[in-house]
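Working through the structure, step by step
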Amino acid sequence: MRRGSSRGRGATMARSPRRSRTMIDRGMLPRAVLLLGLLWRCAAAPQECAVCEDTIGHLAASAAARQRSEAGVRAVLDAYCEQERLNTAEAQMCYVLEPMRQQVSAWVALGVDAKRTCAKISRMNGEACALFHESKVGAGSWVEYRPMTAKRRAIVYA
């Protein structure tokens, strides 16, 4: 008899048959379906802050941002906003960024990504994510955009 054992020499404990646990038993299948649904929803969602992310992406790509220079990023932002060739949405984005230049340049210099920076800007000023890029279309495709309001149609076909 082994030491510490209360059973005799030949006594063995009857084992219950091991049940194989499948993915459904573990709850993996519902989790996988939920994850795929979330991924599909995120991929299908339109980009909300496209103008903001483009502007911040331009600042982040500058040499001043790579050198982590806050004053340099602020100078790049000023030069970007003073350009004559900015479209309406980009000019409006510069107007939104004007009061918070110092904070935005600090975030870009620290290396915060464009999406997160735009989320912070949107919390401070809700107009940041309401801007959209104008889409120019041909003269024959008016039927596709028929449900638009007159104001939006004027922007698209201008």
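This report concerns the structure included in the present document. (Residues numbered from 1 in each chain as written. Predicted model: local features only at pLDDT ≥ 70, side-chain atom pairs only at ≥ 80, totals over all residues. Heavy atoms only, no water.)

For the protein, the helix and strand inventory stands at nine helices and zero strands. Expressed as a percentage of the 158 residues in the protein, the buried residues total 24%. Within the protein, counting contacts between residues at least 6 apart in sequence, those at least 24 apart form 55% of the total. Carbon and sulfur atoms make up 55% of the accessible area of the protein, which totals about 12,000 Å². (Helix = DSSP H or I, 4+ residues; strand = E, 2+ residues; numbered from the N terminus. Buried < 20%, exposed > 50% of the residue type's maximum accessible area, 1.4 Å probe, protein only. Contact = heavy atoms within 4.5 Å. Areas by Shrake-Rupley, 256 points an atom, 1.4 Å probe, with all protein chains shown as cover.)

Further remarks concern the nonpolar core. Core analysis: the largest hydrophobic core is formed by 22 residues, its most contacted members being Cys 52, Ile 56, Met 93, Val 104, Val 108 and Ile 121. Mapped onto this core, the elements with two or more residues apiece are α3 (50-60), α4 (63-66), α5 (70-81), α6 (88-97), α7 (101-110) and α8 (114-124). (Core = buried A, V, L, I, M, F, W, Y, C linked by side-chain atoms within 4.5 Å.)

Between α3 and α8, whose axes approach to 9 Å, the crossing angle comes to 120°. Taken together, the axes of α3 and α8 lie oblique to each other. Here α3 and α8 pass one another in a crossing that is right-handed. Across from Cys 52, Glu 53, Ile 56 and Gly 57 in α3, the residues of α8 making contact are Ala 114, Lys 115, Thr 117, Cys 118 and Ile 121. Here the residues of the contact of α3 with α8 are counted per class, giving five nonpolar, two polar and two charged. (Axes fitted to C-alpha atoms, helices over the stretch in contact; angles between N-to-C directions. Parallel < 35°, antiparallel > 145°, perpendicular 65-115°, else oblique. Left-handed = near helix turned anticlockwise from the far one by under 90°. Nonpolar A, V, L, I, M, F, W, Y, C, P; charged D, E, K, R; others polar.)

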